[in-house]
Amino acid sequence: MIPGVSMIHILILSGVLFTLGALGVLIRRNAIVMFMSIELMLNAANLAFVGFARSMGALSGQVFVFFVIAVAAAEVAIGLALIVAVYRNRGSIDVDMVSDLKG
Amino acid sequence: MSSSDLLSVAPVLIISVWAILLLLLDLFIKNKGLTASLAAAGVAAALVVVIVRFGSDQVAFSGMIVADTFSDFLQIVILITALLGIAVAYDYLRRMNMERGEYYTLMLFTVAGMLLMSLAGDLILIFLAIELLSVPLYVLSGFARPEKGSEEAAMKYFILGAFSSAFLVYGIALIFGSTGTTNMAGVAASIAGNHANLTLLTIAIPMLLVGLGFKVAAVPFHMWTPDVYQGAPSAAVAFMSVGAKVAGFAALLRIFVSALPELSQTWGPVVVAISAATMIWGNVAAIAQSNIKRMLAYSSIAHAGYILMALAAAADPSVSEEAVSAALFYLFAYLFSNLGAWTVVLALERSEGRGLLIEDYAGLGRRRPALALAMAIFMLSLIGVPPTVGLIGKFLLFRVTIDAGLTGLAIVGVVTSLISAYFYLGVVIKMYMGTGEPESRSEGWLNRSAGLTALVTFLLGVLPGPILILARSSGFLTP
């Protein structure tokens, strides 16, 4: 590990990234930006996995990161397809505009 | 890895291999009824395997898979849901002009994810299984594309679903950091041996609850449910309203009862609060609904609250086994009552979203007496009125909640059940007292599904014995 960088630093960085991602989903209204924020949250978890794996000397945490990356890629494929479909039909991906279902 | 390891995941293997083959075969199949039958055959084969190996407890793949009676019971529930889901989908897809073979393939992938959820012995596998079940479900919600409502439902479900899985995976990362493992038995051992970092665990538990609470539609993570249920194709909703809930509860029970029993003081009260809020909000909000799909969506939220009572009771180690079996029985009961109600919704729905108001059910009692009787049985069962299985399910839940010393929660459950009688009986009264000429579909598999679910709902209310014994023997979670 780089000298001077300890587990707690990694954990703080990952916590900050996760919070930024969560705020992004809650505040931003553009579906693509919301989706990017979700990716940020997943990568914050990846960072935490790698950091913990490093500090414990356990490889398993690094393997989990590959799983998360693979899942995130699958989500991108589906998510972008859905967003494109919505855009074609409505000409907007602002989630406030896409709200016909109410009751 | 040995051959017995493979046997423990045989149902998942059958379903996933069959799904991949079917994806190819479907290209050459003109008659989509054949695709549906082939999909159903795959599910039936998996069901046979589960029933054959029922009762043989086994920990496989170095603790990744825990195949015990708990998972066997849930797998049976999931596979029956899938069979009924296929049966009700065929005619619906054809008349709504979305007869595409992928529907069944996607359903099979979802089923594979649900089965894995019930078999998972490791938190990472829970995450992978939840994604395997969710990603095809996002597509199924949008299956009526280019219909705007369906697309909107899919997008909402997708964004909120991905958001909640991010919480789940972060919670898992924190548990890994705290205990050095993601294996559930390992996590439990590490906490029991005081090797775990409790601060990280205290942050991780709420994150797991957010992630899984979303899947089972618990308040305050339920906002997606009414919109998705209303917008998505009804056949897909019929399937996912049961399947996703069963899988979500499989994971919740497995994680909290077998991996985190030592911390029940921390999560117990939180689950009590979520359960009470879910029962109250689900039932109260359902009263105001005029669309039957939205009403059933809130009803499904409310039922998540009832099953959460069992999780709250399971925080007390002396009754945890009993609580788990009560939850299992309730899920079995919910499968038939809820999927049955959706079958009737499918029979009355017409193109462009007509036939979905509770108003449209007026006069069904005269026009289709058998269908109306089935609907009445489902509604009574969802309230919990004798002689239906819903009563026995609720009785078991209330009793175990009181045994766990949570009398207040049980009272909330009883009071909200009374409130729920208002909107469920509203449908029954509309069917028999209202005047109207409802148009409904009479198709073989739809009628057979409605008849079968109504029959089981009624019969299990009179003779619950066999399933009760089965649920009792499945309440123990292999550590």
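### A look at the overall build of chain A
Move 1: Of regular secondary structure, chain A possesses three helices and zero strands.
Move 2: The N-to-C order of helical and strand elements in chain A reads α-α-α.
Move 3: Relative to the compact-globule value of 13 Å for 103 residues, chain A shows a C-alpha radius of gyration of 17 Å, a clear excess of over 25%.
Move 4: When the backbone C-alpha atoms are referred to their principal axes, chain A occupies close to 50 × 25 × 25 Å.
Move 5: Taking all 103 residues of chain A together, 43% fall into the buried category.
Move 6: Surface exposure of chain A reaches about 5400 Å², of which carbon and sulfur atoms provide 71%.
Move 7: Of the side chains in chain A, 6 bear a positive and 5 a negative charge, and the two mean positions are spaced by 3 Å.

### As for the packing of helix H4 (residues 69-95) of chain B against helix H11 (residues 234-259) of chain B
Residue and element names in this part refer to chain B.
Move 1: Packing of H4 against H11 leaves a shortest axis separation of 8 Å and a crossing angle of 170°. With respect to their mutual orientation, H4 and H11 come out roughly antiparallel. Together, Phe 70, Ser 71, Leu 74, Val 77, Ile 78, Thr 81, Ala 82, Gly 85, Ala 89 and Tyr 92 of H4 and Ser 234, Ala 235, Phe 239, Val 242, Gly 243, Val 246, Ala 250, Leu 253 and Arg 254 of H11 make up the contact between the two elements.
Move 2: Each residue belonging to the contact of H4 with H11 can be placed in one class, and the counts come to 13 nonpolar, five polar and one charged.

### Section: the side chain of Ser 299 of chain B
Residue and element names in this part refer to chain B.
Move 1: Tracing the sequence through the fold places Ser 299 in helix H13 (residues 292-314).
Move 2: For Ser 299, the side chain forms a polar contact with the side chain of Tyr 424, separated by 2.7 Å.
Move 3: Those residues in contact with Ser 299 that lie beyond four places of it in its chain are Leu 382, Phe 423 and Tyr 424.

### Focus on the environment of Ser 134 of chain B
Residues and elements named next belong to chain B.
Move 1: Considering the arrangement of structural elements, one finds Ser 134 in helix H6 (residues 123-141).
Move 2: For Ser 134, a relative accessible area of 1% puts it in the buried group.
Move 3: Put simply, Ser 134 and Lys 430 are 296 residues apart on the chain and 36 Å apart in space, counted from C-alpha to C-alpha.

### Thoughts on empty space enclosed by the protein
Where empty space is left can be seen by rolling a probe of water-molecule size over the atoms.
Residues and elements named next belong to chain B.
Move 1: On inspection of all chains with the given rule, the structure shows four cavities of 30 Å³ or more.
Move 2: Put simply, the largest cavity is a space of about 90 Å³.
Move 3: Surrounding the largest cavity, Glu 322, Ser 325, Ala 326, Phe 329, Leu 396, Arg 399, Val 400, Leu 468, Ala 471 and Arg 472 form its lining.
Move 4: At the level of secondary structure, the elements contributing two or more residues to the lining of the largest cavity comprise helix H14 (320-348), helix H17 (389-403) and helix H20 (465-473).
Move 5: If you tally residues by element for the lining of the largest cavity, the top one is H14, at four residues.
Move 6: Here the residues of the lining of the largest cavity are counted per class, giving six nonpolar, one polar and three charged.
Move 7: In this model, the second largest cavity occupies a volume close to 40 Å³.
Move 8: What lines the second largest cavity is His 303, Tyr 330, Ala 333, Tyr 334, Ser 337, Ser 381, Leu 382, Val 389, Gly 390 and Gly 393.
Move 9: The greatest single-element share of the lining of the second largest cavity, amounting to four residues, is contributed by H14.
Move 10: For the lining of the second largest cavity, a count of residues per class yields five nonpolar, five polar and no charged.

### Concerning the nonpolar core
Buried together is how nonpolar side chains tend to be arranged in soluble globular proteins.
Move 1: Phe 49 of chain A together with Tyr 103, Phe 256, Leu 260, Met 375 and Met 379 of chain B are the most contacted members of the largest nonpolar core, which totals 232 residues.
Move 2: Looking at which element gives the most residues to this core, the answer is H14 of chain B, with 21 residues.
Move 3: Discounting residues that sit within four places of it in the chain, Tyr 103 of chain B has contacts with Ala 89, Leu 93, Leu 140, Phe 143, Ala 235 and Ala 236 of chain B.

### Things to note about the environment of Ala 173 of chain B
Move 1: When you line up the elements, Ala 173 of chain B lands in helix H7 (residues 148-179).
Move 2: Here Ala 173 of chain B falls in the buried class, since its relative accessible area comes to 0%.
Move 3: Sequence separation between Ala 173 of chain B and Gly 405 of chain B is 232 residues; the distance between their C-alpha atoms is 33 Å.
Move 4: Ignoring any residue separated from it by four or fewer positions in sequence, one finds Ala 173 of chain B in contact with Ala 45, Ala 48, Phe 49 and Phe 52 of chain A.

### Some words on the interface of chain B and chain A
For interface size, the figure often reported is the accessible area lost on association.
Move 1: Tallying the contact residues gives 40 residues for chain B and 42 residues for chain A.
Move 2: Across the chain B to chain A interface the summed buried area is about 3600 Å²; carbon plus sulfur atoms make up 80%.
Move 3: If you sort the residues of chain B by the area they bury against chain A, Met 155, Tyr 170 and Phe 176 of chain B come out on top, with a joint share of 19%.
Move 4: For Arg 90 of chain A, the salt bridge goes to Glu 152 of chain B, with nearest N and O atoms at 3.4 Å.
Move 5: Summed over the shared surface of chain B and chain A, the result is six residue pairs in polar contact (both at pLDDT 80 or more).
Move 6: Elements with a minimum of two residues in the side of chain B that touches chain A: H6, H7, helix H9 (198-216) and helix H10 (224-231) of chain B.
Move 7: For the side of chain B that touches chain A, the element with the most residues is H7 of chain B, which contributes 22 residues.
Move 8: Residues of the side of chain B that touches chain A, tallied by class, amount to 24 nonpolar, eight polar and eight charged.

Thresholds, definitions, all that
- Residues numbered from 1 in each chain as written.
- Chains lettered and ligands numbered in written order.
- Predicted model: local features only at pLDDT ≥ 70, side-chain atom pairs only at ≥ 80, totals over all residues.
- Heavy atoms only, no water.
- Helix = DSSP H or I, 4+ residues; strand = E, 2+ residues; numbered from the N terminus.
- Rg over C-alpha atoms; globule rule 2.2 N^0.38 Å.
- Buried < 20%, exposed > 50% of the residue type's maximum accessible area, 1.4 Å probe, protein only.
- Areas by Shrake-Rupley, 256 points an atom, 1.4 Å probe, with all protein chains shown as cover.
- Lys, Arg positive; Asp, Glu negative; His and termini not counted.
- Charge placed at Lys NZ, Arg CZ, Asp CG, Glu CD.
- Axes fitted to C-alpha atoms, helices over the stretch in contact; angles between N-to-C directions.
- Parallel < 35°, antiparallel > 145°, perpendicular 65-115°, else oblique.
- Contact = heavy atoms within 4.5 Å.
- Nonpolar A, V, L, I, M, F, W, Y, C, P; charged D, E, K, R; others polar.
- Polar contact = N/O pair within 3.5 Å; in protein donor to acceptor, adjacent residues only side chain to side chain.
- 1 Å grid on protein atoms, 1.4 Å probe; cavity = no way out; pocket = protein on both sides within 12 Å on 5 of 7 lines; lining within 4 Å.
- Points joined across faces, edges and corners; volume = space filled by probe spheres on them.
- Core = buried A, V, L, I, M, F, W, Y, C linked by side-chain atoms within 4.5 Å.
- Buried area = accessible area lost by both parts, 1.4 Å probe.
- Salt bridge = Lys/Arg side-chain N within 4 Å of Asp/Glu carboxyl O.

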